[in-house]
Amino acid sequence: MKLAVVGTGYVGLVSGVCLAAKGHTVLCVDKNPAIVATLNAGRPHIFETGLPELLASVLASGRFSATQDLYAALDQVDLVIVAVGTPSKDGIIDLTYVDGVAREIGAYIKNHDRHISVVVKSTVVPGTTDTVVRIAIEQASGKAFSAFGLGMNPEFLREGDAISDFSAPDRIVLGYEDPQTLERLEELYAPWDVDKLRVNTRTAEMVKYANNALLATQISAVNEIANLAAALGGIDVMDVVAGVQMDKRWNPILPDGARAKPHILTYLVPGCGFGGSCFPKDVQALRSQGMQNGLPMRMLNAILDVNEGQPEQVIDILRRETGGLTGRRVLVLGLAFKPGTDDVRESASLKIVARLADEGAVIVAHDPIATENFRNALNGAAAQTVFCERWQDEVAAADIVIVATAWPEYQALSGLDFSGKILFDARRAFMPSQFQGTKYLSIGRQMGTP
Ligand code: NAD
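What counts and how
- Residues numbered from 1 in each chain as written.
- Predicted model: local features only at pLDDT ≥ 70, side-chain atom pairs only at ≥ 80, totals over all residues.
- Heavy atoms only, no water.
- Pairing = 2+ DSSP bridges.
- Helix = DSSP H or I, 4+ residues; strand = E, 2+ residues; numbered from the N terminus.
- Axes fitted to C-alpha atoms, helices over the stretch in contact; angles between N-to-C directions.
- Phe/Tyr/Trp six-rings, centres within 6.5 Å; stacked < 30°, edge-to-face > 60°.
- Buried < 20%, exposed > 50% of the residue type's maximum accessible area, 1.4 Å probe, protein only.
- Arc of directions from axis to C-beta.
- Contact = heavy atoms within 4.5 Å.
- Polar contact = N/O pair within 3.5 Å; in protein donor to acceptor, adjacent residues only side chain to side chain.
- Salt bridge = Lys/Arg side-chain N within 4 Å of Asp/Glu carboxyl O.
- Core = buried A, V, L, I, M, F, W, Y, C linked by side-chain atoms within 4.5 Å.
- Domains from an automatic or database assignment.
- Buried area = accessible area lost by both parts, 1.4 Å probe.
- 1 Å grid on protein atoms, 1.4 Å probe; cavity = no way out; pocket = protein on both sides within 12 Å on 5 of 7 lines; lining within 4 Å.
- Points joined across faces, edges and corners; volume = space filled by probe spheres on them.
- Nonpolar A, V, L, I, M, F, W, Y, C, P; charged D, E, K, R; others polar.
- Patch = residues over 30% accessible without salt bridge, like charges linked within 9 Å, V, L, I, M, F, W, Y side chains within 5 Å.
- Areas by Shrake-Rupley, 256 points an atom, 1.4 Å probe, with all protein chains shown as cover.
- Near = heavy atom within 4 Å.

Engineer: Help me out: how do you make sense of the sheet that holds strand β11 (residues 329–333) in this one?
Structural biologist: The strands making up a sheet associate through backbone hydrogen bonding, with each pair oriented either parallel or antiparallel. The strand order across the open sheet formed by six strands is β13-β12-β11-β14-β15-β16, and the pairing between neighbours is parallel. Strands with a single pairing partner mark the edges of an open sheet, and in this sheet they are β13 (385–387) and β16 (439–442). Adjacent strand axes in the sheet meet at a mean angle of 20° when their direction is disregarded. Direction of pairing for β11 relative to strand β12 (residues 362–366): parallel, over a ladder of five bridges. Across the sheet, residue arginine 329 finds its bridge partner in β12, namely valine 362.

Rendered as structure tokens:
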């Protein structure tokens, strides 16, 4: 089928390219002319493994193109997916872009009698599609809901694994308000033989938030336990986690005696906090929605509270161990919010570098691909930070090395000489035994713990 995708960021671009790869014809719409030009030239504006190759192939097939012209795209399709950003403003979801696109589509519907299904893929709080989006289209078109269709199809892709997640998802949630939209969604996802959940749009919206809130819960819970283990001393929280992971409810024992090792176990590793464009924003948005509805939202408050304090743990521990960070040369390794992406939104490194700057440290920072985004996001502290291309050349001069993102290339640290230095493993990317004789510090383990 032929469809339009509005908003060509991480989600819109990956969705558009993968849908085209499955045989659909996709018109990606973005208001940013630079994005449209680079995409049509075959250059993705975001980093994602496999994306350049897939973009080249769908462009060559003629089934993918980018445009700024929404109305020209709508002339050719009966299904439009909305994938614009939904940033957080003071912890509340900002629906300006979603509302803006809905009104533009409504203005088109005003002058066209074809039934078009508008499917929201952006993450929006429960009730958005069947209220905010419906009302915006009704007002701009002057037509009642039955003249157009509404759907909600949340996206679960993870940056860094976006192409494989979209190509081989674990589930597809088809939220819909009218049978015609469900039919179109069924056709769109017919090439995928996976579990599909068919629900109304507000349930689809809630699935996405519940999913992220429950994953974020695991991270904050293990971080709180890690902080206590470190405060008590004599406990390495990774040993505790190993013991917990022997519980067959977390890690089932297979018939051959091996462990299933489900991916959820990776959420039980302590660190300097979760970041990215989804977890912090989505948990905050759900909390705000709950509070607006008169609920105290105690759990979500706690998840966010613990997370906000985690980067400060790094500074606290370092200050305690060094007696002060003023003038210390600190090499920060990893600026993206996780390995495999150039996204620095809500990255723990933003807070760590800003706090190191407050403390008067001399900061040298490295990331394999996210340096430019980080520099732009850092604002004030950028002036105090030197960005390096080769971290290996900086280790010798550093007093402290912090691993803030577990990029695989930093594993080479374990072969280097750390005499007289501190290594802070803020992601528990190493075994303490790899740094015998080094002042190895980390979350969830007091210095001196065997
Ligand atoms: P993004 O900021 O990377 O991209 C949004 C794009 O929309 C931008 O290119 C912008 O130019 C474009 N845009 C804004 N208004 C427009 C308009 N009126 N017309 C055309 N284009 C317009 O955002 P993203 O990371 O792709 O996220 C999009 C949505 O998907 C958000 O709601 C996000 O929460 C959700 N989501 C993101 C991820 C992720 O990993 N990034 C995963 C799942 C869901």
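Engineer: Where do I start with the packing of aromatic side chains in this structure?
Structural biologist: What characterises a pair of aromatic rings is the spacing of the ring centres plus the angle enclosed by the ring planes. On inspection of all chains with the given rule, the structure shows 11 aromatic pairs. Both rings, one in phenylalanine 418 and one in phenylalanine 435, keep their centres 5.7 Å apart while their planes meet at 85°; by these two values the pair is edge-to-face. Taken together, the residues phenylalanine 418 in the loop between β14 (400–403) and β15 (422–425) and phenylalanine 435 in the loop between β15 and β16 connect sequence positions 17 residues apart. We classify phenylalanine 418 as buried; its relative accessible area is 2%. Seen from their ring centres, phenylalanine 430 and phenylalanine 435 are 5.1 Å apart, and the 85° between their planes marks the pair as edge-to-face.

Engineer: Explain helix α2 (residues 33–40) here, please?
Structural biologist: Helical periodicity: at 3.6 residues per turn, an α-helix aligns residues three or four positions apart in one direction. Looking only at α2, the buried set comprises Ile35, Val36 and Leu39. When α2 is viewed along its axis, its buried side chains cluster within an angular range of 100° and face the same direction. Summarising the contacts, the buried residues of α2 are in contact with α1 (10–21), α3 (51–61) and β3 (64–67). If you check the start of α2, you find a side-chain oxygen 2.9 Å away from the backbone N of alanine 34, and it comes from asparagine 32. Downstream of α2 by one or two residues, glycine 42 has phi in the positive range, about 85°.

Engineer: What is the right way to look at the pattern of salt bridges in this model?
Structural biologist: Oppositely charged side chains can pair when the atoms bearing their charge come close. Here the structure, examined in full by the defined rule, presents 25 salt bridges. When the shortest N-O distance is used, the salt bridge between aspartate 236 and arginine 428 registers 2.9 Å. One end of the pair, aspartate 236, is in the loop between α9 (201–232) and α10 (237–244); the other, arginine 428, is in the loop between β15 and β16, and 192 residues separate them in sequence. With respect to class, aspartate 236 is no different from arginine 428; both count as buried. The salt bridge partner of arginine 355 is glutamate 312, with a shortest N-O separation of 2.8 Å. Here arginine 355, found in helix α13 (residues 348–358), pairs with glutamate 312, found in helix α12 (residues 298–322); they are 43 residues apart in sequence, far enough to count as distant. It is possible to trace a salt-bridge network through shared partners that takes in Glu312, Asp316, Arg319, Arg355, Asp358 and Glu359.

Engineer: Help me understand the environment of isoleucine 352, please; the structure alone is not making it clear to me.
Structural biologist: Relative to the helices and strands, isoleucine 352 resides in helix α13. In this structure the C-alpha to C-alpha distance between isoleucine 352 and leucine 335, which are 17 residues apart in sequence, comes to 9.8 Å. If we skip the residues at most four places from it in the chain, isoleucine 352 touches Cys272, Pro311, Val314, Ile315, Ile402 and Ala404.

Engineer: I'm lost on the nonpolar core in this one. Help?
Structural biologist: Core analysis: the largest hydrophobic core is formed by 54 residues, its most contacted members being Val314, Leu318, Leu356, Ile402, Leu413 and Phe424. When residues in this core are grouped by element, the largest group, six residues, is from α13. Membership of the second largest hydrophobic core comes to 49 residues, among which are Ala73, Val82, Val98 and Val199.

Engineer: Would you mind showing me how to read the domain arrangement of the protein chain here?
Structural biologist: Many analyses report the size of an interface as the accessible area lost when the parts associate. Per the domain assignment, the segments of the protein chain are domain 1 (2–198) and domain 2 (211–441). With 17 residues of domain 1 in contact, the opposing surface of domain 2 contributes 19 residues. With both sides pooled, the region where domain 1 packs onto domain 2 buries about 1,400 Å², and carbon together with sulfur makes up 46% of that total. Where domain 1 packs against domain 2, one counts one salt bridge. Put simply, glutamate 159 and arginine 345 hold a salt bridge, and the shortest N to O gap is 3.6 Å.

Engineer: So what exactly am I meant to see when it comes to empty space enclosed by the protein here?
Structural biologist: Where empty space is left becomes clear once a probe the size of a water molecule has been rolled over the atoms. For the structure on display, the rule yields one cavity of 30 Å³ or more. Taken as a whole, the largest cavity encloses approximately 30 Å³ of empty space. Lining the largest cavity, in full, are Ala230, Ile317, Arg320, Glu321, Ser442, Arg445, Gln446 and Met447. When residues of the lining of the largest cavity are assigned to their parent elements, the largest contribution, three residues, is made by α12. Each residue belonging to the lining of the largest cavity can be placed in one class, and the counts come to three nonpolar, two polar and three charged.

Engineer: Help me understand a nonpolar patch on the surface, please; the structure alone is not making it clear to me.
Structural biologist: A cluster of nonpolar side chains, contributed by Ile225, Val240 and Val244, occupies part of the molecular surface with about 220 Å² of accessible area. Tracing the backbone through its elements, the reader meets isoleucine 225 in helix α9.

Engineer: What should I look at first to understand the site of the ligand in this one?
Structural biologist: Around the ligand there are 27 residues in total, and Val11, Asp30, Thr86, Glu159 and Lys281 lie nearest to it. Between an oxygen atom of the ligand and a main-chain N or O atom of valine 11, the distance comes to 2.9 Å. Within the backbone of lysine 31, one N or O atom sits 3.3 Å away from a nitrogen atom of the ligand. Only α1 and α5 (96–110) provide two or more residues apiece to the shell around the ligand. The element that contributes the greatest number of residues to the shell around the ligand is α5, accounting for three residues.

Engineer: Can you walk me through unusual backbone geometry in this structure?
Structural biologist: Even without glycine at this site, glutamate 346 takes up a positive phi of about 60°. Within the secondary structure, glutamate 346 sits in the loop between β11 and α13. On the accessibility criterion, glutamate 346 (42% relative accessible area) is partly exposed. Backbone geometry at arginine 428 places phi at a positive 50°, although glycine is not the residue there.

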